[in-house]
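Breakdown of the fold
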Amino acid sequence: MEVVILKDAREVGRAAAAAFAATLRRKPDAVLGLATGSSPLPVYDELARLHAEEGLDFSKASGFALDEYVGLPEDHPESYASVIRRDFASRVNIDQAKVHSPDGRAEDLEAACAAYEAAIEAAGGVDIQILGIGTDGHIGFNEPASSLASRTRIKTLLEQTRKDNARFFDSIDEVPHHVLTQGVGTIMQARHVVLVATGATKAEAVHGLVEGPVTAMCVASVLQFHPRATIIVDEAAASSLR
Ligand code: F6R
């Protein structure tokens, strides 16, 4: 595990985007693992800039989102399919038809999860995965006590995560209770994992991730076992590291 501590969110975004750009230049048809939330926004800003100003080419790439709410209409502005489109896909020249998310509106959610796993495999697996981290150490929506070998499945969000995400909705009552998320085992199969965390609210989770014991109570700590995990944090998020 490589830990990189930088000054602020902008520098973190630039460093993570540089890792994506290096992968794309080496492998133009790379499979990109995409995350939503606040943490990846500076990464997507920098990727959009690299595309506009330096011609970084996404035309052969494809993408897979980490997760999706259950039950939100696909065109709901806070469905993760919409968020990925708005924050990332619409700003670069990736083929939108090749940007996938789990189908949170499927009648058979278990079948939708199995289909998502199969689609990732058929694409050849994720080459580089961007991750944020929850205040409780979750990655994707694998909340504490998730199986560290889990695959894409239905999860119930903890109250804290619903509170954390209420800022994106008019009220907490609108935040769905359930999500489909790639499992921990799924995420661990990405060839390169780049986790970004910024701000003091992430300091405890980053401590657990980097220095804690590997435990399902801080799911991100399993990345200590990943052969190629790059953890890029700002000084505030690094403030609880020894
Ligand atoms: C989002 C995701 C979550 C977030 C995490 C941090 O697709 O999988 O694990 O990365 O909840 O969210 P932010 O970045 O908004 O603090």
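Under an unreviewed UniProt entry, the protein chain has the name Glucosamine-6-phosphate deaminase and belongs to Sinomonas cellulolyticus. The annotation that UniProt attaches to the protein chain under Catalytic activity (unreviewed entry) is "alpha-D-glucosamine 6-phosphate + H2O = beta-D-fructose 6-phosphate + NH4(+)". In its Pathway (unreviewed entry) section, the UniProt record describing the protein chain reads: "Amino-sugar metabolism; N-acetylneuraminate degradation; D-fructose 6-phosphate from N-acetylneuraminate: step 5/5."

Now for the overall build of the protein chain. What the protein chain contains, in helices and strands, is seven helices and ten strands. In terms of C-alpha radius of gyration, the protein chain reaches 16 Å, essentially the compact-globule figure of 18 Å for 242 residues. C-alpha atoms of the protein chain, sized along the principal axes, occupy 45 × 45 × 35 Å. Looking at the protein chain as a whole, 46% of its 242 residues are labelled buried. Here the analysis covers contacts within the protein chain between residues at least 6 apart in sequence; of these, 79% occur between residues at least 24 apart.

Lining the immediate environment of the ligand, one finds 14 residues, of which Thr-36, Gly-37, Ser-38, Ser-39 and Gly-132 sit closest. Each residue belonging to the shell around the ligand can be placed in one class, and the counts come to five nonpolar, eight polar and one charged.

Read from one edge of the open sheet, seven strands run β1-β10-β9-β6-β2-β3-β5, paired in parallel fashion. Edge positions in the open sheet fall to β1 (2-6) and β5 (99-100), since each of these has one partner strand only. Direction of pairing for β1 relative to strand β10 (residues 229-234): parallel, over a ladder of five bridges. Within the sheet, the bridge partner assigned to Ile-5 lies in β10 and is Val-233.

Moving on, we get to the UniProt feature "active site" (unreviewed entry) in the protein chain. Within this structure's numbering, the places UniProt gives as "active site" (unreviewed entry) are Asp-67, Asp-136, His-138 and Glu-143. In this fold, His-138 is placed in the loop between β6 (128-131) and β7 (153-156). For His-138, a count of 26 C-beta atoms within 10 Å gives the class buried. Sequence-distant contacts of His-138, defined by excluding residues within four places in its chain, comprise Glu-143, Thr-161 and Val-219. Residue position: Glu-143 is located in the loop between β6 and β7. What makes Glu-143 buried here is the crowd of 22 C-beta atoms within 10 Å. Contacts of Glu-143, omitting those with residues within four sequence positions, involve Asp-136, His-138, Lys-155, Leu-158 and Thr-161.

What follows is about the UniProt feature "domain: Glucosamine/galactosamine-6-phosphate isomerase" (unreviewed entry) in the protein chain. Under the local residue numbering, the UniProt record ascribes the feature "domain: Glucosamine/galactosamine-6-phosphate isomerase" (unreviewed entry) to residues 10-215. In residues 10-215, helix accounts for 36% and strand for 15%; the two terminal C-alpha atoms are 30 Å from one another.

Taken together, the three strands give an open sheet; going across it, the order is β4-β8-β7, and neighbouring strands pair in antiparallel fashion. Bordering the open sheet on either side are β4 (67-69) and β7, each of which pairs with just one other strand. When strand polarity is set aside, the average angle formed by the axes of neighbouring strands in this sheet is 30 degrees. Across four bridges, β7 lies against strand β8 (residues 178-181) in antiparallel orientation. Residue Ile-154 lies in a different strand from β8, and its bridge partner there is Leu-180.

Parameters at a glance
- Starting afresh in each chain, residues are numbered from 1 along the sequence in its written order.
- With the structure being a predicted model, the display of local features is reserved for residues of pLDDT at least 70 and the display and counting of side-chain atom pairs for 80 or more, all residues being used for whole-chain, interface and lining totals.
- UniProt positions are given in the numbering used here, feature names are shortened, and annotations may be inferred rather than shown by experiment.
- Only runs of H or I of at least four residues qualify as helices and only runs of E of at least two qualify as strands under DSSP, and these elements are numbered from the N terminus.
- Note on method: radius of gyration uses C-alpha positions; expected globular size equals 2.2 Å times residues raised to 0.38.
- Using C-beta atoms placed from the backbone, we call a residue buried if 20 or more other C-beta atoms fall within 10 Å of its own, exposed if 12 or fewer do, and partly exposed for counts in between.
- Placing C-beta atoms from the backbone, we regard two residues as in contact once those atoms come within 7 Å.
- Working rule for contacts: place C-beta from the backbone, and if it is within 6 Å of a molecule or strand, that residue counts as near it.
- In this classification, Asp, Glu, Lys and Arg are treated as charged, Ala, Val, Leu, Ile, Met, Phe, Trp, Tyr, Cys and Pro as nonpolar, and every other residue, Gly included, as polar.
- Strand pairing follows a simple DSSP-based rule, namely that at least 2 bridges must link the two strands.
- Axes, fitted as lines to C-alpha atoms, cover a helix only where it is in contact. Angles between the N-to-C directions of the axes lie from 0 to 180 degrees.

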